[in-house]
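Examination of the molecular architecture
The chain contents come next:
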There are 2 protein chains.
Amino acid sequence: MSNFPVYYEHIHTCSQTGARLGRVHTPHGSFMTPAFMPVGTQASVKGMSPEEVSDMGAGIILSNTYHLWLRPGSEIVAKACGLHSFMNWKGSILTDSGGFQVFSLAKPKDIVEEGVKFQSHIDGSRLFLTPEESMRIQNDLGADIIMAFDECCPYPAEYSYADRSQARTTRWLDRCIESHKRPDEQALFGIIQGSMYPDLRKKSAEAITARDLPGYAIGGISVGEPKELFLQMIDCTVPLMPEDKPRYLMGVGTPDYLIEGAVRGVDMFDCVLPTRMGRHGTILTDHGRKIIRDKRYAEDFGPMDPGCGCYACRNFSAAYVRHLIKANEMFGLRLCTYHNIYYLLNLMQRVRDAIANDCLGDWREEYYKNYYGNQD
Amino acid sequence: MSNFPVYYEHIHTCSQTGARLGRVHTPHGSFMTPAFMPVGTQASVKGMSPEEVSDMGAGIILSNTYHLWLRPGSEIVAKACGLHSFMNWKGSILTDSGGFQVFSLAKPKDIVEEGVKFQSHIDGSRLFLTPEESMRIQNDLGADIIMAFDECCPYPAEYSYADRSQARTTRWLDRCIESHKRPDEQALFGIIQGSMYPDLRKKSAEAITARDLPGYAIGGISVGEPKELFLQMIDCTVPLMPEDKPRYLMGVGTPDYLIEGAVRGVDMFDCVLPTRMGRHGTILTDHGRKIIRDKRYAEDFGPMDPGCGCYACRNFSAAYVRHLIKANEMFGLRLCTYHNIYYLLNLMQRVRDAIANDCLGDWREEYYKNYYGNQD
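Let me begin by describing the structure that accompanies this report. (Residues numbered from 1 in each chain as written. Chains lettered and ligands numbered in written order. Predicted model: local features only at pLDDT ≥ 70, side-chain atom pairs only at ≥ 80, totals over all residues. Heavy atoms only, no water.)

1. Considering the sheet that holds strand β1 (residues 7-13) of chain A
Residue and element names in this part refer to chain A. Our working rule: At least two bridges found by DSSP between two strands is the condition for calling them paired. Only DSSP runs of H or I with at least four residues qualify as helices, and only runs of E with at least two residues qualify as strands; both kinds are numbered from the N terminus onward. Under this scheme, a helix contributes an axis fitted over its contacting stretch, all axes are lines through C-alpha atoms, and angles between N-to-C directions fall in the 0 to 180 degree range.
Taken in spatial order, the three strands line up as β1-β2-β3 in an open sheet, and their pairing is antiparallel. In this open sheet, the two strands that pair with only one neighbour each are β1 and β3 (29-33). Looking at each pair of strands side by side, their axes are set apart by 20° on average, direction ignored.

2. Let's talk about the packing of helix α10 (residues 255-263) of chain B against helix α15 (residues 360-371) of chain B
Residue and element names in this part refer to chain B. Under the convention used in this document: Angle categories: roughly parallel below 35 degrees, roughly antiparallel above 145, roughly perpendicular from 65 to 115, and oblique for all the rest. Less than a right angle of anticlockwise turn of the near helix away from the far helix marks a crossing as left-handed, whereas a clockwise turn marks it as right-handed. Here, two residues are considered to be in contact whenever any of their heavy atoms come within 4.5 Å of each other.
Following both chains from N to C, one finds α10 and α15 inclined at 170°, their axes separated by 11 Å at the closest point. With respect to their mutual orientation, α10 and α15 come out roughly antiparallel. Taken as a pair, α10 and α15 cross one another with a handedness that is left-handed. On the side of α10, the interface is formed by P255, D256, I259, E260 and V263, while α15 contributes L360, W363, R364, Y367, Y368 and Y371.

3. Quick look at helix α8 (residues 198-209) of chain A
Short version of the rule: A helix is expected to reach a length of 1.5 Å times the quantity of its residues less one.
Between its first and last C-alpha, α8 of chain A extends 16 Å over 12 residues, near the 16 Å set by a 1.5 Å rise per residue. On its buried side, α8 of chain A packs onto α7 (159-179), β10 (187-192), β11 (215-218) and α9 (227-237) of chain A.

4. Some words on the interface of chain B and chain A
The cut-off we apply is this: By convention, the term buried area covers the 1.4 Å-probe accessible surface removed from two parts as they join, with the contributions of both added. Salt-bridge detection follows one rule: a side-chain nitrogen of Lys or Arg within 4 Å of a carboxyl oxygen of Asp or Glu. Gly is placed with the polar residues, together with every amino acid not listed as nonpolar (Ala, Val, Leu, Ile, Met, Phe, Trp, Tyr, Cys and Pro) or charged (Asp, Glu, Lys and Arg).
Opposite the 37 residues of chain B that make contact, chain A presents 37 residues. The largest per-residue losses of area from chain B upon contact with chain A belong to H323, E329 and M330 of chain B, which jointly make up 19% of the total buried on that side. Connecting chain B to chain A are six salt bridges. Across the salt bridge formed by K79 of chain B and E299 of chain A, the nearest N and O atoms sit 2.7 Å from each other. Going through the elements one at a time, α1 (50-55), α3 (74-79), α4 (83-87), α12 (311-315), α13 (318-326) and α14 (330-356) of chain B are the ones with two or more residues in the side of chain B that touches chain A. Of the residues assigned to the side of chain B that touches chain A, the class counts are 20 nonpolar, seven polar and 10 charged.

5. Points about the sheet that holds strand β4 (residues 35-37) of chain B
Residues and elements named next belong to chain B. The strand order β4-β13-β12-β11-β10-β9-β6-β5 describes an open sheet built from eight strands, whose pairing is parallel. Across the chains shown, the open sheet's two edge strands, defined by having one partner strand only, are β4 and β5 (60-63). On average, each strand axis in the sheet is tilted by 25° relative to the strand beside it, whichever way the strands run. With respect to the sheet, helix α6 (residues 131-141) is in contact with β6 (92-95), β9 (145-147) and β10 (187-192), its orientation differing from that of β9 by roughly 160°.

6. Looking at the side chain of E260 of chain B
Along the polypeptide, E260 of chain B turns up in helix α10. E260 of chain B has contacts with K227, L231, R364 and Y368 of chain B, leaving out every residue within four places of it along the chain.

7. Details of the packing of α13 of chain B against α14 of chain B
All names here are of chain B. Packing of α13 against α14 brings their axes to within 7 Å, and their N-to-C directions diverge by 130°. Between α13 and α14, the crossing angle belongs to the class labelled oblique. Viewed along their axes, α13 and α14 form a crossing whose handedness is left-handed. Listed contacts from α14 to Y320, V321, L324 and I325 of α13 are F331, G332, L333, L335 and C336. Grouping the constituent residues of the contact of α13 with α14 by class yields eight nonpolar, one polar and no charged.

8. Overview of the state of the cysteines
Put simply, the rule reads: By definition, disulfides here are pairs of cysteine sulfur atoms that lie within 2.5 Å. Each residue is placed in one exposure class: buried if its accessible area under a 1.4 Å probe, protein chains only, is under 20% of its type's maximum, exposed if it is over 50%, and partly exposed if it falls in between.
Counted according to the given criterion, the structure contains zero disulfides over all chains. With no disulfide of its own, C176 of chain A lies 12 Å from the sulfur of C152 of chain A, the closest cysteine sulfur. When its relative accessible area of 0% is taken as the criterion, C176 of chain A is described as buried. Sulfur of C153 of chain B: no disulfide; nearest cysteine sulfur belongs to C152 of chain B and is 8.9 Å away.

9. What about the relation of the copies chain B and chain A?
The two chain copies are connected by a rotation around an axis plus a translation along it. Just so we agree on the cut-off: A least-squares superposition brings the copies together, and it is based on the C-alpha atoms of residues with pLDDT no lower than 70 in both.
Its rotation angle being 180°, the transformation that places chain B on chain A also includes 0.0 Å of axial translation and leaves an RMSD of 0.0 Å. Both copies are brought into coincidence by an operation consistent with a two-fold rotation axis. Among all C-alpha atoms of chain B, that of M330 of chain B lies closest to the rotation axis, at 3.9 Å. Take the interface residues of chain B: 100% of them recur as interface residues in chain A, which is what a same-surface contact looks like.

10. Quick notes on the environment of V24 of chain B
All names here are of chain B. Looking at where V24 falls in the secondary structure, it is placed in strand β2 (residues 20-26). Between the C-alpha atoms of V24 and R182, which are 158 residues apart in sequence, the distance is 19 Å. With sequence-adjacent residues up to four places away left out, V24 is seen in contact with V6, Y7, Y8, G29, S30, F31, T33 and P246.

Set out below in C-alpha cells:
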C-alpha cells in the first residue's frame, strides 16, 4: 500500500516487449493499465453521457483546468462539491494544469518566473496563471489526479531555451508541491520536460523524479516532431521513471503511438483524437481511418466498422451515419464519437490482453499489417 | 378488427370532458392515445438515440417526407428496407406528405392543379411535388401511417382562396388514394382543411371523411392564428370526424394546445417544440418555460425541473446544464431535449390518467394554475 491517494499495482510484464500490465487505484475506483483516458475538456466528453463513457469501459477521464477555470469557474465547481459531482462521473478524473492551453495563448515576453500572462480565448480578458493558481483551481475541481504546472516548450526549441525551460518546470513543481492543499485526496503528478534533447530529458527526469510524488508524466512530446524523435524521447525517458508509480504520456494519441508507448512501459494516455475525429465524421478502424461522410458509404448498409462490437456499429449502418453527418444531425456525431472512443478503449484492452499473454510484439506486428494498409 | 393496417381501439370516455382514451394499433406495435409524437425530421429525433426516445415512452415518431426525399433520397431508404430499419426505430412511424415544407418554399404562381413547383432549400434545384410523387416517396419510406398530399393554406387566407384550396385538397386526396401502392401495410390518413372558416371546415370534413380511410387529420391550424380561433376550429371539426378512427391534429404543440386538443377528442399530436426549444437551452415545466442558459441558474445545484423524473433531472443540476449550454457542449442540448420530450410524453400520460379517472376538467384547471403563473 501507498501513502498516496493514487498508487500503481503491477500485475505482469510482457516477456516479449517489457510492456507492463497494471492497475491504478484512485479515490474513485481503479482502472487497468495501459489505459486510454477520453477527454472531457469542459466537464463533458463531447456528445457523450457519463454512462456511455463508463459503459464503454473508461475508468478515468481527463478534464481541462484552463477551460473550467474560465467557464463555469472553479468556484462554481467547488460549490457543486467538485467535478465528479458536477458532471456526475463516478469514475476517476485527471485534470491537466492549464499550462498547455495557456502557453499556446501567451507571447514569449509574457512567460516569466512568476507565471504566465495571457488573454482569455473567450472574452480577451487579461489573466495570469501561476503554479499556485493552477493548484488552487485543481484543488477546487477535486480530480483524483492533478498535474503540475509546467512550461510547455514549443517544437522546435533551441537547446538553451529548452534547458532553461525544463529547469523552470522543476522550480514550478516545487511551488506546486508547496501550494497543493489536498495531498491526501488528490495525487499530484510531476511532468518531465526537456524538448527533443536526450540529455535534457535525463536531467529533467532525474530532477522531477527526485521529488517523491505518486506519479510522473512525460510532457512536451507528440507536439509535431517526426515519429522517430518521438520514439527516441520515450526510449530515453521511461527507463528513468520509477517502476512503482504510474507513467503518463500526455496528449497521445493515434493507435500506433498508443501501442508504441505501451510497448515502452507507459501506463496512461489521453488524446482528443477520438472525439475530434468523431465530430468531423471520421472513424478509426483496424484498417485505418474511414471518412464516413464520403460518397462511397452512401449505400453501404453494413456497419461502419464490420466486426466492431460498439453500439454504433451494432445498431446502425454506414449509410445511415453518413446521412446523419451530411444532414448535420447531432446524432451522427454522437455515433462516430462513440465508435472512436470505444475503438481506443478496446484497443487498449487488446494491448493489455497481449501483455498478459506475453505476445505484445507479435500482436503489434499483426495489427500494423492492417493499420498501414489502405486508409481512406 | 379492421381491414386497415392501422386502427383505433376505444377504451374510455372522460365523463367530465368527453375526451377519449384509446389505443392505436399499427404494424409496428400500438400506442396509447392521446399521444404526442416526437419529430425526427431527417430520420433522427435531434440529438436523441432511438433507445432514448423509446425508453421515454414514445410509441410513435414523425418523420418528414420532404427532407428525406432530398437527403438521403427515398430510394436509399427503400434499399435499406425502409425507415424503421434505416434509423433502427422499432416503434411506429408517421410520415407527413411534404406539403407543409413545399408550400412554404413555393411561389403562389407555382401552385397548380398538377402539383407544386419549388426550389430545394439545400441546393436550389427545381423540383415538382405531386400527390403521386408524395405517395411514391412515402411508399419507399414505409412508415406505418402516411399523410395525404394537401394544400396548406397560409394564415390569414381569403375565403374564396381557402374554399378553392380545400376543394383541391379533396381532389388531391383521391389521387393519393389512387396512387398509394401499399394500402395493406401503410395507413393513408386524409387531411381536413378549410382555413379559419367554420363552413369550409365542415365542407372539407364531410368530403374528406366520405373517403373510407384508416384515419383523419386536421391540418392548417396552429399556423399563427389567435388561440380562440384555434379552439373554434377544433370545436367545429372534431365532431365531424368518425369516432372509430384516430384523429390527428397536425403541428401541435405547446402544453396548453395539447391539453385543449385532448379535451376536444383529438388522439394524436406532433410538434418540433421540445427538440427545437431543447437546442436553444430552454425547457418546459409545469410552471412554464425555463431558459436554462440564464444567469440565474449559474449556481442552482438542484435539478432543472424539481420533481421531474427524467434522466436529465435525476442526474444533473441546472448549473451543470447551464454550463454546458454556455460552453456550446452538445451534451447540454441533449439533456434539454431529453427533458422536453420526456415532459410532453409524460404530460400526455397524465392526460390519459385523468381521462381514465373521469377528471380531465379538474386536472386541467389545476395544471393551468401553475402553467400560467411565472414563466421565465
